[in-house]
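Analysis of the macromolecular model
Given next are the chains, with one letter for each unit.
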Amino acid sequence: MRCYLAIDIGASSGRHIVGWRENGALRTREVYRFPNGVRETDGHLTWDIDGLLGHVVAGIRESFRQFPAIESLSIDTWGVDYVLFRGEEEVRPVYAYRDGRTEAAVPKVHERAPFSELYRRTGCQFQPFNSIYQLCADREAGRLEGVTGLLMIPEYLMYKLCGVRAREYTNATTMGLVNARTGALDRELAERLGYPAALFPPLSQPGTVLGHLRPEIAREVGGDCKVVLCATHDTASAVEGIPMEGNHPYISSGTWSLLGVKTPRPLTGEASQAANYSNEGGVGYNRYQKNIMGMWLVNELRRDLCPDLPFPEIVRAAEESGTECVVDANAPEFLAPASMKAAFDAATGGALETVGDYFRCAYRSLAICYRDALAELERNTGTAYEKLYIVGGGAKNAFLNRLTEEATGKQVIALPIEATALGNLKIQMEVTQ
């Protein structure tokens, strides 16, 4: 039996999922799960990149223990974050996108390239943590001096496994530096912003085979296999993994909710810019989508209010609450607050009283955000849709699904599947079979 390993890492956890074909169907088994999260380093939010690599290797070892005949593996993660290199030296720390270091960088970038021009060139929505602004913060801090390369997080982890450095298209499109017309990193824009040309090599497409595991890694994990580039941005893999009939809007619901639809080409007009929609790479198509704050709101409220309360009880409390309060789920004060409860208190004027009130407010606010974003999507694409597919962890929440269906007026098809891992596996199987 030929098996394949998808390593899917999110901002709060990672998982190793082995897949295989059986009687024409794709079967999967989760073999390893590990926590992830930002940590504070000298007053900044960073990733424990060495810890991540340790878990990646440990999970591969467990995968080979259970499934000795693994043909290939691939890794997907969130976008925008990266590791810089000076030759073989890695530039540390590895900053996390929620860190506030880009606050001063945003206006500096826009002085050299106004956002209206950036959007026309790249079609990338404004987010203060996009790589284009992180690189400006690096430039101002002197971290770009002498750099010879950059790898996004999944590319870095695969490099450590197989020794090959490659830049993958779908993840590169989260940077705000890929030209929407050419699909290549925009060197003229990079030069204007003072970013070294070495950071902008040709991009590789999903399905590229990088090579085999390094001999020392193969010995450590007890087996060898190919390392393949999937669609390394997790949402790009998730869209590939949705068993969708036709083309309909989707929400990949996790720490972030990514709401979008496949389009044949980027939409970079003024209406799309005003709606802050992004154009990001897919496997042979454009992903026209928008970031919405997502389960981050809920998870952080739980951490503040009731860390030991199981989610079914949280949802029950939200259903029983009668509060009509809502907030702007995408407001910047919810991005990385010291206390999510305090952020909700400030936004609602202290109107929330019970645990259920806070969570009902969060869920209703997300549903309304989905409604508004979907209305923008339909206006900008000129297409009305009847269905909305929801995948990922958030798809398990029947209460939020019901609120979303009521708010949007669409038929919600909730698929509580590991769509990202399925898309990751699908690309590997197409390459190696």
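The following paragraphs examine the structure supplied in this document. (Residues numbered from 1 in each chain as written. Predicted model: local features only at pLDDT ≥ 70, side-chain atom pairs only at ≥ 80, totals over all residues. Heavy atoms only, no water.)

**Considering the sheet that holds strand S10 (residues 209-212)**
Strand order in the open sheet formed by 6 strands is S3-S2-S1-S6-S11-S10, with mixed pairing between adjacent strands. Here the strands that pair on one side only, and so sit at the sheet edges, are strand S3 (25-35) and S10. When the angles between neighbouring strand axes are averaged without regard to direction, this sheet yields 25 degrees. In this sheet, strand S11 (residues 226-228) lies alongside S10 in antiparallel orientation, the contact comprising 3 bridges. Directly across from Val-209, in S11, lies its bridge partner Val-228. (Pairing = 2+ DSSP bridges. Helix = DSSP H or I, 4+ residues; strand = E, 2+ residues; numbered from the N terminus. Axes fitted to C-alpha atoms, helices over the stretch in contact; angles between N-to-C directions.)

**Thoughts on the packing of aromatic side chains**
Under the counting rule described, the total for this entry stands at 15 aromatic pairs. When the centroid spacing of 5.7 Å and the interplanar angle of 90 degrees are considered together, the rings of Phe-85 and Tyr-159 count as edge-to-face. Note that Phe-85 is positioned in strand S7 (residues 82-86) and Tyr-159 in helix H5 (residues 153-162), a separation of 74 residues in sequence. Of the residues examined, Phe-85 reaches a relative accessible area of 1% and is grouped as buried. (Phe/Tyr/Trp six-rings, centres within 6.5 Å; stacked < 30°, edge-to-face > 60°. Buried < 20%, exposed > 50% of the residue type's maximum accessible area, 1.4 Å probe, protein only.)

**What about the pairing of strand S16 (residues 387-391)?**
Counting buried positions along S16 yields 4 of 5 residues, so the element is predominantly enclosed. Summarising the sheet, strand S12 (residues 250-253) and S16 pair through 3 bridges and their orientation is parallel. By the bridge assignment for S16, Ser-252 is matched with Val-391. Pairing of S16 with strand S17 (residues 411-415) involves 5 bridges; the strand directions are parallel. Bridge pairing links Tyr-389 to Ile-413 in S17.

**A closer look at the pattern of salt bridges**
All told, the structure shown has 29 salt bridges when counted by the stated rule. The partner of Asp-50 in a salt bridge is Arg-92, and the shortest N-O contact between them spans 3.0 Å. Here Asp-50, found in helix H1 (residues 49-66), pairs with Arg-92, found in the loop between strand S8 (89-91) and helix H2 (105-112); they are 42 residues apart in sequence, far enough to count as distant. The exposure class of Arg-92 is partly exposed, given its relative accessible area of 37%. Linking Glu-319 and Arg-402 is a salt bridge whose minimum nitrogen-to-oxygen distance equals 3.3 Å. One end of the pair, Glu-319, is in helix H12 (residues 311-320); the other, Arg-402, is in helix H15 (residues 398-408), and 83 residues separate them in sequence. Among the charged side chains, a network of salt bridges with common partners joins Glu-117, Arg-121, Asp-186, Glu-188 and Arg-192. (Salt bridge = Lys/Arg side-chain N within 4 Å of Asp/Glu carboxyl O.)

**Here's the deal with the nonpolar core**
With 126 residues, the main nonpolar core has Leu-135, Leu-177, Tyr-195, Leu-213, Phe-344 and Tyr-363 as its most contacted residues. No other element matches the 12 residues that helix H14 (residues 355-381) contributes to this core. Non-local contacts of Tyr-363, meaning those with residues more than four positions away in its chain, are made with Val-298, Phe-311, Ile-314, Val-315, Ala-318, Asn-397, Phe-399, Leu-400 and Leu-403. Core analysis: the second largest hydrophobic core is formed by 10 residues, Ala-238, Val-239, Met-244 and Ala-419 among them. (Core = buried A, V, L, I, M, F, W, Y, C linked by side-chain atoms within 4.5 Å. Contact = heavy atoms within 4.5 Å.)

**A look at the packing of H1 against H5**
Direction vectors running N to C along H1 and H5 enclose 60 degrees, while the axes themselves pass 11 Å from each other. Classed by the angle they form, the pair H1 and H5 counts as oblique. The hand of the H1/H5 crossing is right-handed. Residues Ile-49, Leu-53, Val-56, Val-57 and Ile-60 of H1 pack against Ile-153, Tyr-156, Leu-157, Lys-160 and Leu-161 of H5. Counted by class, the contact of H1 with H5 contains 9 nonpolar, no polar and 1 charged residues. (Parallel < 35°, antiparallel > 145°, perpendicular 65-115°, else oblique. Left-handed = near helix turned anticlockwise from the far one by under 90°. Nonpolar A, V, L, I, M, F, W, Y, C, P; charged D, E, K, R; others polar.)

**Here's the deal with the environment of Asp-8**
Within the secondary structure, Asp-8 sits in strand S1 (residues 3-9). Through-space distance from the C-alpha of Asp-8 to that of Glu-418 is 9.3 Å; in sequence the pair is 410 residues apart. Residues in contact with Asp-8, not counting those within four places in the same chain, are Ser-13, Gly-14, Arg-15, Asp-76, Asp-234, Glu-418 and Thr-420. Here Arg-15 takes part through its side chain, which lies 2.7 Å from a polar atom of the side chain of Asp-8. (Polar contact = N/O pair within 3.5 Å; in protein donor to acceptor, adjacent residues only side chain to side chain.)

**Describing the pairing of strand S15 (residues 286-292)**
With 7 of 7 residues buried, S15 lies mostly within the body of the structure. Going residue by residue along S15, you find Asn-286, Tyr-288, Lys-290 and Ile-292 tucked away on one face and Arg-287, Gln-289 and Asn-291 tucked away on the opposite face as well. As judged from the 7 bridges shared by strand S13 (residues 257-263) and S15, these two strands associate in the antiparallel manner. By the bridge assignment, Lys-262 is partnered in S15 with Arg-287. The pairing of strand S14 (residues 278-281) with S15 spans 4 bridges and is classified as antiparallel. Paired with Glu-280 across the bridge in S15 is Arg-287.

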